[in-house]
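Structural overview for review
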Amino acid sequence: MIHKYCFEALDQTLRDILRFKDASSADKPFGGKTVVLGGDFRQTLHVIAKGSRQDIVNVTLISSYLWTHCDVLNLTKNMRLQRDQLDAHLDELRNFSERILAIADGRIGSSIDGIEKVQIPDDLLISNCDDPILAIIKATYLDFFSHSSDIDYLPQRAILAPTLDIVESINEYMVLLNHSPEKTYFSSYTVCISDHSFSTLEHVHTP
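These figures come from a predicted structure and were not determined experimentally. Residue numbering note: each chain is counted from 1, following its sequence as written. For this predicted model, a pLDDT threshold of at least 70 governs which residues receive local features, and a threshold of 80 or more governs which side-chain atom pairs are given and counted, while totals over whole chains, interfaces and linings are taken from all residues. As a rule here, side-chain values cover all heavy atoms of the structure and leave hydrogens and water aside.

Considerations on the overall build of the protein chain
Broken down by element type, the protein chain carries seven helices and two strands. Each residue is placed in one exposure class: buried if its accessible area under a 1.4 Å probe, protein chains only, is under 20% of its type's maximum, exposed if it is over 50%, and partly exposed if it falls in between. The buried share of the protein chain, reckoned over its 207 residues, is 13%. Throughout, a residue-residue contact means that at least one pair of heavy atoms, one from each residue, lies within 4.5 Å. Look at the contacts in the protein chain between residues 6 or more apart in sequence, and 36% of them connect residues 24 or more apart. Of the roughly 17,700 Å² of accessible surface on the protein chain, a fraction of 56% belongs to carbon and sulfur atoms. Here a strand is any run of E in DSSP of at least two residues, a helix any run of H or I of at least four, and the numbering for each starts at the N terminus. All accessible areas in this document rest on Shrake-Rupley with a 1.4 Å probe, and a residue is counted as covered only by the protein chains that are shown.

Comments concerning the nonpolar core
For this analysis, a nonpolar core means a set of buried residues of the types Ala, Val, Leu, Ile, Met, Phe, Trp, Tyr and Cys, connected via side-chain atoms within 4.5 Å. Judged by nonpolar contacts, Ile137, Tyr141, Phe144, Tyr153, Ile170, Met174 and Leu177 together constitute the single largest core of seven residues. Here the element with the most residues in this core is helix 6 (residues 164-177); it accounts for three residues. Every residue in contact with tyrosine 141, bar those within four places of it in the chain, is listed here: Tyr153, Leu154, Arg157, Ala158, Ile159 and Met174.

Concerning a nonpolar patch on the surface
On the surface, Phe96, Ile100, Ile103, Val118, Ile120, Leu124 and Leu125 cluster together to form a nonpolar patch covering roughly 580 Å² of accessible area. Among the structural elements, isoleucine 120 can be located in the loop between strand 2 (115-117) and helix 4 (132-140). When its relative accessible area of 43% is taken as the criterion, isoleucine 120 is described as partly exposed. Nonpolar side chains (Val, Leu, Ile, Met, Phe, Trp, Tyr) within 5 Å and like charges within 9 Å form the patches, drawn only from residues with over 30% relative accessible area and no salt bridge. Any Lys or Arg side-chain nitrogen found within 4 Å of a carboxyl oxygen on Asp or Glu counts as a salt bridge.

Next comes the structure, spelled out in structure tokens:
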């Protein structure tokens, strides 16, 4: 999600430029030019350091003076589900996609004490486990030790986590499971000046 100031800066710039050709452009959004914006309001909001809910909402495009000039067009067809009609998992993928969309639209779930809750199907749950991280890893990376060196095995799987702390925990756990020899890659944060006659190179080549 882009900060509303980015759109407003573009708006003011176009108005300033185009008003020299048409004076009325100064009073038109984006100087009278048609601007197409693409995006999904269900995605992550703009990050405001130590900001409140109001601070975050205030920087979105909806809070900008430009929003009253916008016409919202919604896409309704999932093109990814049209690519292979013979795929054996197409129906399962379509049902999952439609469910996720229904949750985002608020058509599934209920509010309990002001908290929105959604019932998750049993086939998506991992239950009866003592170690949640181990259970998720076993469910995601089946027979990991036999396929850890397979270049097609790992890219097809991923574990999503809500916080960076959990990401770190999962990464550390996965590293411990990998018994392959480790390799360290070093990085440099400064440019080594080997010849003082060419000291300007340190300003040309950034870290």
